[in-house]
Amino acid sequence: MKRGKLDSLLSLSRLRLIQFLMGVLFFYLLFITFEIPLVIRTGFGSISGDGSVGFLTDALPRPLALETEQYFSAKEAPTRPLKDPSPSAAEMSSFPTRSRTPERRMGEFRKVSGLFFNESKFDGTGNPDQFPVLLKAVKHAFSVGKKIWDELESGKAKPDIEKLKQNQSESCPHSISISGSEFLNRSRIVVIPCGLTLGSHITVVGMPRWAHAEHDPKISVLKEGDDSVMVSQFMMELQGLKTVDGEDPPRILHFNPRLKGDWSGKPVIEQNTCYRMQWGSALRCEGWKSRADEETVDGQVKCEKWIRDDDNHSEESKSSWWLNRLIGRTKKVTVDWPYPFSEGKLFVLTLRAGLEGYHINVDGRHITSFPYRTGFVLEDATGLSLNGDIDVHSVFAASLPSTHPSFAPQKHLEMLNIWRAPPLPNGPVELFIGILSAGNHFAERMAVRKSWMQHELIQNSNVVARFFVALHGRKEVNLELKKEAEYFGDVVIVPYMDNYDLVVLKTVAICEYGVRTVAAKYIMKCDDDTFVRLDAVIKEAKKVHADRSLYIGNMNYYHKPLRHGKWAVTYEEWPEEDYPPYANGPGYIVSSDIAEFIVDEFEENKLRLFKMEDVSMGMWVEKFNSSKPVEYIHSLKFCQFGCIEDYYTAHYQSPRQMICMWDKLQHHEKPQCCNMR
């Protein structure tokens, strides 16, 4: 009897276990079916690419919000036909009813932010939640910005003539030669003042170091039971040292020979580019010659062949080769070369700039060719860096350009009427887009004007877009920025010094402008390297009922703050273990009631500020959600890194990619990426 009861209990336990496992399986299937986003980002993608901040204060002079109608006379006004931008009666009922800021008269500046920013909000007495370091940064931005603004408004700001002369007369040597010791003293970087030109070549004499044990490998995976892997690799990079101030230089060419330690277990050479933290698709040369049908670079294959352990050290056996010779059969003789780099063996590498791409020879033999990628030109390559397991004996660069290329705004800005912003409409608009930009991002702003800002929704004033730009540390940049704002009428200059940690305040200013100056139904924030498909974005917003509050973007759920490294957040700054749900910064949308709530909270000194702009928006929406339900809409099509098929927004797009994507959208009538291939 006891045995029977025991069997019954065991059977019941098995049944309950099976039921439990079936329940777990059901919830797992439900999880993957609805693609619940638990996105864990490895990079600090929330800070916008410009790293700037914009905010306004009554204590300072009024900001420049220079609109087109200020500079158009009736004779100069654009003659392009405009469709009737008036929304329907049903749409009007759902538009914000709050009164707009009165339009300023011709020749006057608009007061963008009313009673918005004053120093009492940042003296630490109003809101105890504000972090002291943030308050200190704000005060510094106030004082420096006021001085710069006063000079700019009074006309006393003049460019540093001596510095300009120095830049213009900067030596453009035809060749550069440095020794290994000089190379180390220069932090392993060779500055090429005027970049490269067609035919320029750089020769490096070096020696790969012997492999070392790597306990935390970056390019390989430890096998079970192993506590380390032997690694030997080095990186040679052409960098754009002068491309953008205040940002990491782009990697125009990343050449990475991996003698040992690659995940494939074989020696490889990997090449790539990196624009604003976004890597392109890698070209890996693994010992096989490029296919005959693959495109070449100036007639050279992208990857040459070298001996591998798995190809019997030749393309045909030696016996077959001798047999063919005996019978008199003529055939082209092939030579098998070894991998071009060896530990402890000196090499001579030459990098040459060709018509279609870069070509690399080692010890006189062609190894790889890498095609030029969208977004970079030869003159951008103003530095050569060598790091990793390598001892550099000497570096020699020759056939360099003899004239200094222009890095001035005139190189990028095209002063044509067609690129000017349309006047602000008299009534409310459907969508306002605030674009974060930095003072010296002339090329980025021009690319946006020539691409998605040409969409008929903007030209017909259903959508309004403005760049929000803070003051720059260089006088000549601010002067050119003011001229740009006066001409194009689409730049809001905020009178504060750029600060990487204060970008959140510019987002507040975007909300204020969107609800009080243009009375928009939806407010969108993006960066100046974000390509926006306006029709798709508005269509996505309209999926939510007009009475509902919305927050749309590429959402992060249960994202944890980084506690170590470059983007570390201290427990004092953020004591909680998880951030609230928030959309990635390169592109997101909120309804006007949320934007108005943010403005009101800020004016009442109740708004908690955090140095991560997109996380701050998540905090504010969460607080708003506690009193009124918000529909959170997640879509991966608001792409955080690069571009995906059928995108709504695409991030990290270079100026050339912007133009390319717009051309594809116009000609093919469907969204296509212009990836850096």
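Residues numbered from 1 in each chain as written. Predicted model: local features only at pLDDT ≥ 70, side-chain atom pairs only at ≥ 80, totals over all residues. Heavy atoms only, no water.

Asks: I keep staring at the pairing of strand 21 (residues 549-556) and nothing clicks. Help me out?
Replies: Counting buried residues in strand 21 gives eight out of eight residues, a clear majority hidden from the surface. Note: strand 21 against strand 23 (residues 630-634), five bridges, orientation parallel. In the strand pairing of strand 23, Ile 552 is matched with Ile 633. Inspection of the sheet shows strand 21 paired to strand 22 (residues 582-591) by five bridges, in the antiparallel sense. Bridged to Tyr 551 within strand 22 is Val 590. (Buried < 20%, exposed > 50% of the residue type's maximum accessible area, 1.4 Å probe, protein only. Helix = DSSP H or I, 4+ residues; strand = E, 2+ residues; numbered from the N terminus. Pairing = 2+ DSSP bridges.)

Asks: Explanation requested: the pattern of salt bridges in the structure shown.
Replies: Note on pairing: side chains with opposite charge can pair once their charged atoms come close. Under the counting rule described, the total for this entry stands at 29 salt bridges. For the salt bridge of Arg 284 with Asp 262, the shortest nitrogen-to-oxygen distance reads 2.9 Å. Of this pair, Arg 284 sits in strand 10 (residues 283-285) while Asp 262 is found in the loop between strand 7 (251-260) and strand 8 (268-275), placing the two residues 22 residues apart along the sequence. When the shortest N-O distance is used, the salt bridge between Glu 601 and Lys 623 registers 2.7 Å. Taken together, the residues Glu 601 in helix 12 (residues 592-603) and Lys 623 in helix 13 (residues 613-625) connect sequence positions 22 residues apart. (Salt bridge = Lys/Arg side-chain N within 4 Å of Asp/Glu carboxyl O.)

Asks: Got a minute to help me understand the packing of helix 10 (residues 503-517) against helix 12 in this structure?
Replies: Axis angle and axis distance: for two packed helices, these are the angle between their axes and the distance between the axes, and together they describe the pair. At a closest axis distance of 9 Å, the pairing of helix 10 and helix 12 adopts a crossing angle of 120°. When the axis of helix 10 is compared with that of helix 12, the two are oblique. Note on packing geometry: the crossing formed by helix 10 with helix 12 is left-handed. Where helix 10 abuts helix 12, its residues Leu 505, Val 508, Cys 511, Glu 512, Val 515 and Arg 516 lie against Ser 592, Ala 595, Glu 596, Ile 598, Val 599, Asp 600, Phe 602 and Glu 603. Taken together, the residues that form the contact of helix 10 with helix 12 break down as eight nonpolar, one polar and five charged. (Axes fitted to C-alpha atoms, helices over the stretch in contact; angles between N-to-C directions. Parallel < 35°, antiparallel > 145°, perpendicular 65-115°, else oblique. Left-handed = near helix turned anticlockwise from the far one by under 90°. Contact = heavy atoms within 4.5 Å. Nonpolar A, V, L, I, M, F, W, Y, C, P; charged D, E, K, R; others polar.)

Asks: What is the right way to look at the sheet that holds strand 4 (residues 201-208) in this model?
Replies: Reading across the sheet, the six strands line up as 2-15-4-11-12-13 and stay open at both edges, with antiparallel pairing between neighbours. Edge positions in the open sheet fall to strand 2 (176-179) and strand 13 (365-371), since each of these has one partner strand only. Put simply, the sheet's adjacent strands are angled 20° from each other on average, direction ignored. Looking at chain direction, strand 4 and strand 11 (residues 347-353) are connected through six bridges and run antiparallel. The partner of Ile 202 across the bridge, within strand 11, is Leu 351.

Asks: What is the right way to look at unusual backbone geometry in this model?
Replies: Most peptide bonds are trans, and most residues other than glycine sit at a negative phi. Phi angles above zero are rare outside glycine, and Asp 298 is one such case at about 55°. Although it is not a glycine, Ala 519 sits at a positive phi angle of roughly 50°. Its relative accessible area of 2% is what places Ala 519 among the buried residues.

Asks: Please clarify how the environment of Ser 200 should be interpreted in this entry.
Replies: Tracing the backbone through its elements, the reader meets Ser 200 in the loop between strand 3 (189-191) and strand 4. Assessed through its relative accessible area of 1%, Ser 200 is described here as buried. On a C-alpha basis, the gap between Ser 200 and Ala 397 in space is 7.5 Å, while along the polypeptide they are 197 residues apart. Setting aside anything within four residues of it in sequence, one finds Ser 200 in contact with Leu 351, Arg 352, Ala 353, Ala 398, Ser 399, Leu 400 and Pro 401.

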